[in-house]
Amino acid sequence: MESALQVLSAKEAALRRRSVRRFRPDPVPMSLLKEVLATAQAAPSAWNLQPWRLVAVLDPGLKKALRAAAFGQEAVETAPVVLVVYSDMKDALAHLEEVIHPGLPQERRPAYMDSVLKHFQAMPQEEVEAWGAGQSYIYLGYLLLLLKAYGLDSVPMLGFDPARVKALLGLPDHVRIPALVPLGYGAEEGFPHHRHALERVLTVR
């Protein structure tokens, strides 16, 4: 799928991206949204499990209900699109055959699947789902960067009632929701970056 847009480089997108909470009413073309999401699928995950799942909410009534579940945060209702990023390890592990690389020889596949399943069967389900959420945060980072690269603004929101969001969207109780991501064309620039200098966070040994 090719885009006619001028797509920013990774460096440009990282430096220009801001958290934007006010959006213009202009709709986001579904073709553009799908291109961004298809590109974000390149995000890495251990064992290639890709446990992240998405719900793209466009319906005004549902966005209003989600706003209430997000403690009244306006952007959840006023953004043209709200992406609900969640992880579902039960679904991922139940369909391991979908993520096995086609280059893996057929005779090695059963042993590979068995080793992955045994690893997670030794863990409490809550820990398994927390692991899946951690992988989905990697995806979230890719998503936020790519949205900006393709000319869209966004804000990752962690302030919401997960149980209410799951009930509104009909999601299983066991899934984890790393973030709600309102997105669209910004009606504000957002705050300039204020970040630690590299020397504050880097140790070289």
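One can find the structure itself at the top, above this paragraph.
Here's what I pulled together on the structure shown here. (Residues numbered from 1 in each chain as written. Predicted model: local features only at pLDDT ≥ 70, side-chain atom pairs only at ≥ 80, totals over all residues. Heavy atoms only, no water.)

### Things to note about the overall build of the protein
This is how the line gets drawn: A run of H or I in DSSP becomes a helix once it reaches four residues, and a run of E becomes a strand once it reaches two; helices and strands are each numbered from the N terminus. Each residue gets one of three labels from its accessible area relative to the maximum for its type: buried under 20%, exposed over 50%, partly exposed in between, using a 1.4 Å probe on protein chains only. Residue contacts are counted whenever heavy atoms from the two residues lie within 4.5 Å of one another. We score Asp and Glu as negative and Lys and Arg as positive, and we do not count His or the chain ends. By convention, charge coordinates are those of NZ in Lys, CZ in Arg, CG in Asp, or CD in Glu.
Each helix and strand counted, the protein has nine helices and four strands in total. Overall, the protein shows an N-to-C arrangement of helices and strands of α-α-β-α-α-β-α-α-α-β-α-β-α. When the backbone C-alpha atoms are referred to their principal axes, the protein occupies close to 55 × 45 × 40 Å. For the protein, the proportion of its 205 residues judged to be buried stands at 40%. For the protein, the share of sequence-separated contacts (at least 6 apart) that also reach a separation of at least 24 residues comes to 81%. Counting 23 positive and 22 negative side-chain charges, the protein places the averaged centre of each group 6 Å from the other.

### Details of the layout of surface pockets
Short version of the rule: Lining residues are those with an atom within 4 Å of a point, where the points come from a 1 Å grid over the protein atoms alone and group into cavities, where a 1.4 Å probe fits but cannot get out, or pockets, open sets with protein on both sides within 12 Å along at least five of seven lines. Grid points are joined across faces, edges and corners, and a volume is the space filled by probe spheres set on the points. The residue classification treats Ala, Val, Leu, Ile, Met, Phe, Trp, Tyr, Cys and Pro as nonpolar and Asp, Glu, Lys and Arg as charged. All others, Gly included, are polar.
A volume near 200 Å³ is recorded for the largest pocket. In terms of lining, the largest pocket is formed by 14 residues, of which the most central are Arg 17, Arg 18, Ser 19, His 193 and Arg 195. Of all the secondary structure elements, the ones that give two or more residues to the lining of the largest pocket are α1 (10–16) and α7 (125–149). Considering every element that reaches the lining of the largest pocket, the biggest residue donor is α7, with three residues. Among the residues forming the lining of the largest pocket, the class breakdown is six nonpolar, four polar and four charged.

### Some points on α7
Defined as follows: The span one expects for a helix is its residue count, reduced by one, times 1.5 Å.
Compared with the 36 Å implied by 1.5 Å per residue over 25 residues, the 36 Å span of α7 between its first and last C-alpha is a close match. Just beyond α7, the residue with positive phi is Gly 151, at close to 90 degrees.

### Some points on the sheet that holds strand β3 (residues 153–154)
Either a parallel or an antiparallel arrangement is found when strands of a sheet pair, and the pairing is made through backbone hydrogen bonds. Cut-off, in case you're wondering: DSSP bridges decide pairing: two strands pair if at least two such bridges lie between them. For every element, the axis is a line fit to its C-alpha atoms; helices are fit only across the contacting stretch, and the angle between N-to-C directions ranges from 0 to 180 degrees.
On the basis of which strands lie adjacent, the open sheet formed by four strands has the order β1-β2-β4-β3 and antiparallel pairing. Both outer strands of the open sheet, β1 (52–57) and β3, are each paired with one neighbouring strand and no more. Taken together, the two bridges between β3 and strand β4 (residues 176–184) define a ladder with antiparallel strand orientation. Paired with Asp 153 across the two strands is Gly 184, which belongs to β4. Here helix α8 (residues 162–169) sits on the sheet and contacts β1, β2 (81–87) and β4; the angle it forms with β4, its principal contact strand, is near 70 degrees.

### Observations regarding the environment of Gln 50
In plain terms, the rule: Side-chain atoms alone can form a polar contact between residues adjacent in sequence; in general such a contact is a pair of N or O atoms within 3.5 Å, and within protein one must be able to donate a hydrogen while the other accepts it.
Considering the arrangement of structural elements, one finds Gln 50 in the loop between α2 (30–40) and β1. Apart from the residues lying within four places of it in its own chain, the contact partners of Gln 50 are Gln 41, Ser 45 and Val 99. Polar contacts involving the side chain of Gln 50 include one to the main-chain carbonyl oxygen of Asn 48, which spans 3.1 Å.

### Details of unusual backbone geometry
Even without being glycine, Trp 47 reaches a positive phi, approximately 55 degrees. With respect to the element layout, Trp 47 can be found in the loop between α2 and β1. According to the relative accessible area criterion, Trp 47 is partly exposed, its value standing at 32%.

### A short note on the pattern of salt bridges
Basically, it comes down to this: The salt bridge criterion pairs a side-chain nitrogen of Lys or Arg with a carboxyl oxygen of Asp or Glu, the two atoms within 4 Å.
Under the defined criterion, the tally for this structure stands at five salt bridges. Close ionic contact of Lys 118 with Asp 114 constitutes a salt bridge, the shortest N to O distance being 3.2 Å. Taken together, the residues span about one helical turn, with Lys 118 and Asp 114 both in helix α6 (residues 109–121) at a distance of four residues. By relative accessible area, Asp 114 is classed as partly exposed at 37%.

### Thoughts on the nonpolar core
So the rule is basically this: Residues grouped as a nonpolar core are buried Ala, Val, Leu, Ile, Met, Phe, Trp, Tyr and Cys residues, joined through side-chain atoms within 4.5 Å.
Counting 26 residues, the largest nonpolar core has Val 28, Val 36, Tyr 139, Leu 143, Leu 152, Val 181 and Leu 183 as its most contacted members. Among the secondary structure elements, those contributing two or more residues to this core are α2, β2, α7 and β4. The leading source of residues in this core is α7, at seven residues. The contacts of Leu 152, once residues within four sequence positions are left out, are Val 28, Leu 32, Val 36, Leu 147, Leu 183, Gly 184 and Tyr 185. Counting residues in hydrophobic clusters, the runner-up holds 21 residues, among them Phe 23, Val 82, Phe 160 and Leu 169.

### A short note on a nonpolar patch on the surface
Short version of the rule: For patches, a residue must show more than 30% relative accessible area and have no salt bridge; joins then use 9 Å for like charges and 5 Å for nonpolar side chains, namely Val, Leu, Ile, Met, Phe, Trp and Tyr. The accessible surface values rely on the Shrake-Rupley method and a 1.4 Å probe; as for residues, cover is taken only from the protein chains in view.
Nonpolar side chains collect at one region of the surface, where Leu 198, Val 201, Leu 202 and Val 204 lie side by side and expose about 420 Å² of accessible area between them. You can see Val 204 is positioned in the segment after α9 (198–201). Val 204 sits in the exposed class, given a relative accessible area of 71%.

Functional significance is not addressed by these values, which are geometric in nature.
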